[in-house]
Amino acid sequence: MQNSYVKSASEIAVMKRAAAITDDVFDCVLAALDEGVSEKEIAALIEKEFSARGAEGTSFDTIVAFGAGGAEPHHVPADTRLERGMFVTVDMGCVVEGLCSDFTRTVAFWEPDAEMKAAYDSVYRARKAGVASVGDGVPCKDVDAAARGILSEDGYAEYFVHGTGHGVGSLIHEPPTLNATSEDVLRCGQVVTVEPGVYFPGKFGVRIEDMVAVGENRPFSRHSTELIVIG
Ligand SMILES: [Mn+2]
């Protein structure tokens, strides 16, 4: 199993194309976020824009979550309408030549409160630490520990309710698994996600996700992870 799920250079190039399409679609999302728009409308826009850019489809059911919806890691887009002071979490990906992309950003619609800013900052640093820890021969549980350690230090341990990431390729979720109990070890050429998040039921959530090829340590996405405030 040590060398399984390693991608060829050409497969990684295809996955970067899928990530670039995803980046362009996220630009469309940012332009469309406006007071009163619904989660379902944004999700429909995402599907349309992926298709317009030649993607074969979405790599999983697109997540668009406003406000309290963001506290559910697998939120299903609903008729909730965007209001000032909400976080917006978008988790999406597309398929190009049979290979998947996976990308999440959380942005603020109008100025977030201090609690939201603090949570965002912690997830921001957790994602950064997780990505920095990715490398050939690194135990996957160490990547999880790098991200989880930041959130724990900041008092968010109990709000980070899932693993830090997963392999991605022809399947949206494939080995290796990046969580606290994983026995997997990273190998050069694997492509993994780093996606810490915190979730406050009934209030809001934050997740930031990037794909990275082991051995590169540079996220596929061109989008910054600094907090974007719209409005
Ligand atoms: Mn993911």
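As shown above, the structure is provided for reference.
These numbers were taken from a predicted model, which means no experiment stands behind them.

Engineer: Sorry if this is basic, but what is going on with the overall build of the chain here?
Structural biologist: For the chain, the count of helices and strands is four helices and 13 strands. A compact globule built from 231 residues should have a C-alpha radius of gyration of about 17 Å, and the chain, at 17 Å, falls within 12% of that. Across its three principal directions, the C-alpha atoms of the chain cover 50 × 45 × 25 Å. Buried positions account for 49% of the 231 residues belonging to the chain. Put simply, 69% of the contacts in the chain that link residues at least 6 apart link residues at least 24 apart.

Engineer: Just to check I follow, could you spell out the pairing of strand S12 (residues 210-213) for this structure?
Structural biologist: Moving residue by residue along a regular strand, the side chains alternate between the two faces of the sheet. What you see with S12 is no split at all: Asp210 and Val212 on one side and Met211 and Ala213 on the other are buried throughout. Where strand S9 (residues 191-194) meets S12, four bridges bridge the pair, whose relative direction is antiparallel. In the sheet register, Val191 faces S12, and the bridge partner there is Ala213.

Engineer: It is not clear to me how unusual backbone geometry should be interpreted in this structure. Could you clarify?
Structural biologist: Negative phi values dominate among residues other than glycine, just as trans dominates among peptide bonds. Following Pro175, the chain continues to Pro176 via a peptide bond in cis, the omega torsion being 0°. Residue placement: Pro176 occurs in strand S8 (residues 174-178). You will see that Tyr5, though not glycine, has its phi angle at about 70°, which is positive. Tracing the backbone through its elements, the reader meets Tyr5 in the segment before helix H1 (9-32). Accessibility expressed as a C-beta count within 10 Å gives 19 for Tyr5, which makes it partly exposed.

Engineer: Is there a simple way to explain the sheet that holds strand S3 (residues 86-92) in this structure?
Structural biologist: What links the strands of a sheet is backbone hydrogen bonding, and the strands pair in either a parallel or an antiparallel sense. Strand order across the open sheet formed by four strands is S2-S3-S6-S13, with mixed pairing between neighbours. Edge positions in the sheet fall to strand S2 (63-66) and strand S13 (229-230), since each of these pairs with one other strand and no more. In terms of strand pairing, S3 meets strand S6 (residues 103-109) through seven bridges, oriented antiparallel. Its bridge partner lying in S6, Asp91 is registered against Thr104. Contacts from H1 reach S3, S6 and S13, with the element oriented near 15° to S6. In the packing of helix H2 (residues 39-52) onto the sheet, the strands contacted are S2 and S3, and the crossing angle to S2 comes to about 150°.

Engineer: Would you mind showing me how to read the sheet that holds strand S1 (residues 57-58) here?
Structural biologist: The three strands lie next to each other as S1-S4-S5, forming an open sheet whose pairing is antiparallel. Two strands close off the open sheet at either side, each with one partner strand: S1 and strand S5 (99-100). As paired strands, strand S4 (residues 94-96) and S5 are joined by two bridges and run antiparallel to one another. Each bridged residue has a counterpart across the sheet, and for Val95 the counterpart in S5 is Cys100. Its contacts with the sheet place H1 against S4 and S5, and it is angled at close to 140° to S4.

Engineer: I tried to follow the environment of Gly67 on my own but got confused; where do I start?
Structural biologist: Relative to the elements of secondary structure, Gly67 occurs in the loop between S2 and S3. The exposure class of Gly67 is buried, given the 21 C-beta atoms found within 10 Å. Each C-alpha atom, one on Gly67 and one on Gly137, is 39 Å from the other, the two residues being 70 residues apart in sequence. Residues in contact with Gly67, not counting those within four places in the same chain, are Thr80, Met86, Phe87 and Phe204.

Engineer: What is the right way to look at the nonpolar core in this model?
Structural biologist: Ala18, Val88, Val134, Ala147, Val192, Val198 and Val212 are the most contacted members of the largest nonpolar core, which totals 65 residues. Ranked by residue count, the leading element in this core is H1, at eight residues. Those residues in contact with Val88 that lie beyond four places of it in its chain are Leu33, Phe66, Leu82, Thr106, Val107 and Phe109.

Engineer: Explain the environment of Asp136 to me, please; I cannot follow it from the model alone.
Structural biologist: Tracing the backbone through its elements, the reader meets Asp136 in the loop between helix H3 (114-133) and helix H4 (140-153). C-alpha of Asp136 to C-alpha of Phe204: the two residues are 68 residues apart in sequence and 35 Å apart in space. Apart from residues no more than four positions distant in its own chain, Asp136 is found in contact with Leu186, Arg187, Cys188, Val214 and Gly215.

Definitions and limits used
- Residues numbered from 1 in each chain as written.
- Predicted model: local features only at pLDDT ≥ 70, side-chain atom pairs only at ≥ 80, totals over all residues.
- Helix = DSSP H or I, 4+ residues; strand = E, 2+ residues; numbered from the N terminus.
- Rg over C-alpha atoms; globule rule 2.2 N^0.38 Å.
- Buried ≥ 20, exposed ≤ 12 C-beta atoms within 10 Å, placed from the backbone.
- Contact = placed C-beta atoms within 7 Å.
- Pairing = 2+ DSSP bridges.
- Axes fitted to C-alpha atoms, helices over the stretch in contact; angles between N-to-C directions.
- Core = buried A, V, L, I, M, F, W, Y, C linked by C-beta atoms within 7 Å.

Coordinates in, geometry out; function isn't part of it.
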